[in-house]
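# Coordinate analysis (summary)
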Amino acid sequence: MKVRTCLQSPMYEGSVKLLLLGSGELGKEVAIEAQRLGVEVVAVDRYDWAPAMHVAHRRYVIDMMNPNAVKSVVRRESPDIVVPEIEAISTEAIEDLESEGFFVVPNAKAVKIAMNRIELRRFAARSLGLPTTKFEFAESPEEAVEACERVGYPCLIKPEMSSSGHGHTKVVEPSRKKIVEAYEYAISHSRGRSRKVIVEEFVDLSLEYTVLTYRYVKDGGIVTEVCDPVEQWRYGSYHYIESWQPPTSDPNTLRKAAEIGVRVAEGLGGLGIFGVEVFLTKDGRVLFSEVAPRPHDTGMVTMVTQELSEFAIHVRSILGLPVPKPRVISPGASIAIYTDLENVWSPKICGLREALEIPGVDVRLFGKPFTYPGRRVAVVLARGSSVEEALGKAREAARKISVEPSRGVRSGV
Ligand SMILES: Nc1ncnc2c1ncn2[C@@H]1O[C@H](COP(=O)(O)OP(=O)(O)OP(=O)(O)O)[C@@H](O)[C@H]1O
Ligand SMILES: [Mg+2]
C-alpha cells in the first residue's frame, strides 16, 4: 500500500506506470483518468487498437491466457500498478506476478475468485454467509440433472467461467435432454477447459443494482466506501442494457444492497473499485449475484451523474490518493449500443447528429476496430431533471443510432 502526495511526469524518471491487462471501453476510461493525472499508461490486449490502446503511451498485443506472454510484458515494463480489466487473463500469471512483488489490483486472490462462479459462491455464500440464489455445482451431465432436481425449476445453468451471459441457459422443466444440452452448451462457452457448471435457482427479478464499492487509503489505513447504488434493467437478456442513478428504490433495500457491497469488497480486500451485482427479487429478497473487482459496464452512467466517475475513483484509489465519497450531482441514464454485424472493420456509427441534438445527451464511441454479433460498440449517456427524463432522452438517442457496415474508407475527408 503506497500513499502518494506527489506525482511526476510520464515517460521520465519518477513517473508512475500503470499497465492495463485488457484494453476495452472500461480500460479506455481508466486510461483517460490516469492520463489526466500524468500517469504513464501501457495498454495490453489480445488484438491491436483495442479501445484503451488509443489513449495509452505504449501498447502490446499478446495472448492474454498465456501465462508466459503476460509475465513477459509485465516484467519488461515493470509497472507500479497492474490493472486487470477483463476476466480472460491467465490466473497463473497474475499470481506469479503478485508473488514477485508487483501490485495487482485489487489483489491476485480477488481477481481469481471473482472470475470463477464456483469459487465466488463458496466465498460469498459459504464464507461470508451472504444471501444468494439457491445453487449447486455439477461436473458432468448426470450431476447437472441431479443439481437441477435439487435446485428446482426454473433454474439457470452457467459455465464456471464466462462473462456477458455467455453459455447461460434457463431450464424450465425437468427434461433430461434439455438439461444435458444446457450443460454441453455451458461448457462449450466456458473459458479454459473446465467441465464444471453452476446451477442457480432462476429468480423473478424486480430490479438489479450495481453497488460501486471502493477501497482507498485514508489516515494510514484502508477504508471502504460505497457510491449510491446504480440501478439497472436488462429486459430478460443476460447483458447490460440500461442503467441509471440516483437510485429510485426504497431506502431499506438500498441499505441492504450497500451492505452487501461493503462486505464483498472488505472480504476481497486490496484497493480500487468493485462493481458488486445485487438482485432485488419480486418477492422482496436482496441477493448477492456476483462481483467485478474493477469498474463495471453499468457504472458508465457515473460519467454523467457523479462528482467522480467510477473510473476516476478507481484510478485515485489505486494510486493511493484520497477519494471522498462522490455525490450524485445530476440524475442520469446510460444505454449500451450493440451491433449484430459480423466482422465489419471500422464500422460506421450513424445517427449521431440526430442523437446529439437532444439536450443533455452524450455518446462515447469505443473505437473498436472490428465487429462481431453481440459486440458493444458505444454507450449513450443522458442527463435530465429526473431519472425518468434522463432515461427517456437516452432511449430516444439510442433509437437514432445505428451501426452500419463500411468499406473501411473515411468519408467526407
Ligand atoms: N439466478 C438468476 N435468476 C434470474 N436472473 C439471473 C440469474 N442469474 C443471472 N441472471 C440474469 O442474467 C444476468 C447475467 O448474469 P451473470 O451476472 O451471472 O452473468 P455474467 O456472464 O457475469 O454477465 P455480466 O458480465 O453482464 O455481469 C444478470 O444480471 C441477471 O439479469
Ligand atoms: Mg453479472
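Residues numbered from 1 in each chain as written. Chains lettered and ligands numbered in written order. Predicted model: local features only at pLDDT ≥ 70, side-chain atom pairs only at ≥ 80, totals over all residues. Heavy atoms only, no water.

## Description of the overall build of the protein chain
Scanning the protein chain from terminus to terminus reveals 12 helices and 19 strands. Taken over C-alpha atoms, the radius of gyration comes to 21 Å for the protein chain, in line with the 22 Å a tight globule of 413 residues would show. Projected onto the principal axes, the alpha-carbon positions of the protein chain cover approximately 60 × 50 × 45 Å. Counting every position in the protein chain, which comprises 413 residues, the buried fraction comes to 58%. The long-range fraction of contacts in the protein chain, counting pairs at least 24 apart against all pairs at least 6 apart in sequence, stands at 64%. (Helix = DSSP H or I, 4+ residues; strand = E, 2+ residues; numbered from the N terminus. Rg over C-alpha atoms; globule rule 2.2 N^0.38 Å. Buried < 20%, exposed > 50% of the residue type's maximum accessible area, 1.4 Å probe, protein only. Contact = heavy atoms within 4.5 Å.)

## Considerations on the coordination of the magnesium ion (ligand 2)
Within the protein, the magnesium ion (ligand 2) binds to Glu277 (OE), Glu277 (OE) and Glu290 (OE); these donor distances fall in the range 2.1 to 2.7 Å. Placement of Glu277 in strand β13 (residues 272-281) and of Glu290 in strand β14 (residues 286-292) is noted, with a sequence separation of 13 residues between them. Accessibility expressed as a relative area gives 9% for Glu277, which makes it buried. Residue class for Glu290 comes out partly exposed when judged on its relative accessible area of 21%. (Donors = N, O, S within 2.8 Å, 3.2 Å for Na, K, Ca; no water.)

## A few points about the packing of aromatic side chains
Applying the stated criterion to the full structure yields 4 aromatic pairs. A ring pair is formed by Tyr47 and Phe370, whose centres lie 5.5 Å apart and whose planes are at 75°; its orientation type is edge-to-face. One end of the pair, Tyr47, is in the loop between β2 (40-45) and β3 (58-61); the other, Phe370, is in the loop between β17 (361-365) and β18 (375-383), and 323 residues separate them in sequence. Across the pair, exposure class does not vary: Tyr47 and Phe370 are buried alike. Both rings, one in Trp345 and one in Phe370, keep their centres 4.8 Å apart while their planes meet at 35°; by these two values the pair is tilted. You can see Trp345 sitting in the loop between β15 (332-339) and β16 (348-350) and its partner Phe370 sitting in the loop between β17 and β18, a full 25 residues away along the chain. Given the relative accessible area of 16%, Phe370 is considered buried. Of note, Arg59 hangs over the ring of Trp49, and the distance from its end group to the ring centre comes to 3.7 Å. (Phe/Tyr/Trp six-rings, centres within 6.5 Å; stacked < 30°, edge-to-face > 60°. Lys NZ or Arg CZ within 6 Å of the ring centre and 35° of its normal.)

## Section: helix α6 (residues 141-151)
For an α-helix the count is 3.6 residues per turn, leaving residues at separations of three or four pointing the same way. Taken residue by residue, α6 has Pro141, Ala144, Val145, Ala147, Cys148 and Val151 as its buried positions. Projected down its long axis, α6 carries its buried residues within an arc of 165°, all on one side. Positive backbone phi, approximately 95°, marks Gly152, located one or two places after α6. (Arc of directions from axis to C-beta.)

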